[in-house]
Amino acid sequence: MEGVKMLDVCLLGTAGMMPLPYRYLTSLMTRYNGSSLMVDCGEATQMAVKKAGWSFHPIDVICFTHYHADHISGLPGLLLTMGNAERTQPLTLIGPKGLKRVVSALRVIAPELPFEVRCVELAQEEQVLRLHGYKITAFMVKHNVTCYGYTLEIERQGRFHVEQAVKLDLPQRYWGILQKGTDVEYGGRIITPDLVMGPPRKGIKLTYCTDTRPAEALVKNAAGSDLLICEGMYAEKEKLAKARQYKHMTFYEAAQVAKEAGVKELWLTHFSPSLVRAEDYMPAVREIFANAHLGRDGKMIEMNFEEG
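Computed from a predicted structure; not experimentally measured.

Visitor: Account for the overall build of the chain, with residues named and values stated.
Guide: From N to C terminus, the chain includes 10 helices and 16 strands. Considering only C-alpha atoms, the chain reaches an extent of 70 × 50 × 35 Å along its principal axes. Burial analysis of the chain (308 residues in total) assigns 53% to the buried set. Sequence-distant contacts in the chain: of pairs separated by 6 or more residues, those separated by 24 or more amount to 65%. Here the chain displays about 14,200 Å² of accessible surface, and carbon together with sulfur accounts for 51% of that area. When the 36 basic and 35 acidic side-chain charges of the chain are each reduced to a single mean position, those positions are 1 Å apart.

Rendered as structure tokens:
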């Protein structure tokens, strides 16, 4: 992908169940236009953020896939750190039904904060929110508790056609207003954005999903993603039965999801603590989906708009 840098992505940790000395618990963080977003916040997430060299202060949204401890137990400490950094802007938390109850219980040890914590409980199997420039689509997947995956999109408006604006004899002071999608009244006429704007162009699409069996909702929502970060709890083929029992995925099932969804790139994450020499399994994974890679703590990518 070429063009101006738009979305920074950091896979903070890649472990499932418990943090290890060399592998923090699964968490994702993104940065866009001065606003950071996090998905999941297990134990040691703060350490992972520090190690990545990123800042806590601009985090405006935290999305939770579900409420198992390895995905949310780091929240009270993170809230305290953000409070100690003199944050005053509201923080939005998004998660399945029960979020307010869970956060309230965790905040027994973080009761005093200088900022408002807003909770958005997901009430539908698929739900879209727009916050801080992100289009966030939450979609329910198949785990042994209610669990959601998230697709993050940075939308891109169409090209502004200067020649059309000139033909309409429209002063330049109105151009920016139309580019923001607002009608303009000039010379006794109502000028609508569609008169000077081309169709929306391809934006940036990132899908993140852990703790699930292969699911139609995952394939649907990941479709065409520039990057899919997806759990691969087990790599050993003989552990398929265990994956089915505990509602997780193998490397090979994640690769099949990536293939069916037509994504550009796959990063595997949420590895079992017992997994060693994960790279040994990747040739077989790439037979299913060629552009598959192991996630690793601190793995980053800059995602840009395509030229055009």
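Visitor: Go over helix 9 (residues 251–261), please, and point to the residues and values.
Guide: Among the 11 residues in helix 9, eight count as buried, and that is most of the element. Regarding helix 9, the residues found buried are F251, Y252, E253, A254, A255, V257, A258 and A261. Buried residues in helix 9 make contact with helix 7 (216–222), strand 13 (227–231), helix 8 (240–246), strand 14 (266–269), helix 10 (282–288) and strand 15 (292–294). Of the residues trailing helix 9, G262 is marked for its positive phi of about 65°.

Visitor: Give a detailed account of the packing of aromatic side chains, specifying residues and quantitative values.
Guide: Scanning the model with the defined rule gives four aromatic pairs in all. For the pair F160 and W175, a centre-to-centre distance of 5.3 Å together with 45° between the ring planes defines the contact as tilted. Of this pair, F160 sits in the loop between strand 9 (148–156) and helix 5 (162–167) while W175 sits in helix 6 (residues 175–179), and the two are 15 residues apart along the sequence. Here the aromatic rings of F251 and F271 are separated by 5.8 Å at their centres, their planes lie at 50°, and the arrangement is tilted. Linking F251 in helix 9 with F271 in the loop between strand 14 and helix 10, this pair joins segments that are 20 residues apart in sequence. The residues F251 and F271 share a single accessibility class, namely buried.

Visitor: Before we move on, can you summarise helix 3 (residues 75–84) with the specific residues and values?
Guide: Turning to helix 3, its buried residues are L75, P76, L78, L79, M82 and G83. One face of helix 3 carries all of its buried residues, which in axial projection span an arc of 165°. On its buried face, helix 3 is in contact with strand 3 (35–39), helix 1 (45–52), strand 4 (59–63), helix 2 (69–72), strand 5 (91–96) and helix 4 (99–106). Just past helix 3, the residue E86 takes up positive phi, approximately 65°.

Visitor: Just give me the short version of the sheet that holds strand 12 (residues 201–209), but keep the residues and values in it.
Guide: Hydrogen bonding along the main chain pairs the strands of a sheet, whether they run parallel or antiparallel. Spatially, 7-8-9-12-13-14-15 is the arrangement adopted by the seven strands of the open sheet, whose pairing is mixed. Taken across any chain shown, the strands that pair with only one partner, and hence form the sheet edges, are strand 7 (126–131) and strand 15. The mean angle between the axes of side-by-side strands here comes to 20°, regardless of whether they run parallel or antiparallel. Bridge count between strand 7 and strand 8 (residues 134–140): six bridges; the pairing is antiparallel. Among the inter-strand pairings, R130 is bridged to a residue of strand 8, identified as K135. Contacting strand 13, strand 14 and strand 15, helix 9 crosses the sheet at an angle of about 150° to strand 14.

What counts, and at which threshold
- Residues numbered from 1 in each chain as written.
- Predicted model: local features only at pLDDT ≥ 70, side-chain atom pairs only at ≥ 80, totals over all residues.
- Heavy atoms only, no water.
- Helix = DSSP H or I, 4+ residues; strand = E, 2+ residues; numbered from the N terminus.
- Buried < 20%, exposed > 50% of the residue type's maximum accessible area, 1.4 Å probe, protein only.
- Contact = heavy atoms within 4.5 Å.
- Areas by Shrake-Rupley, 256 points an atom, 1.4 Å probe, with all protein chains shown as cover.
- Lys, Arg positive; Asp, Glu negative; His and termini not counted.
- Charge placed at Lys NZ, Arg CZ, Asp CG, Glu CD.
- Phe/Tyr/Trp six-rings, centres within 6.5 Å; stacked < 30°, edge-to-face > 60°.
- Arc of directions from axis to C-beta.
- Pairing = 2+ DSSP bridges.
- Axes fitted to C-alpha atoms, helices over the stretch in contact; angles between N-to-C directions.

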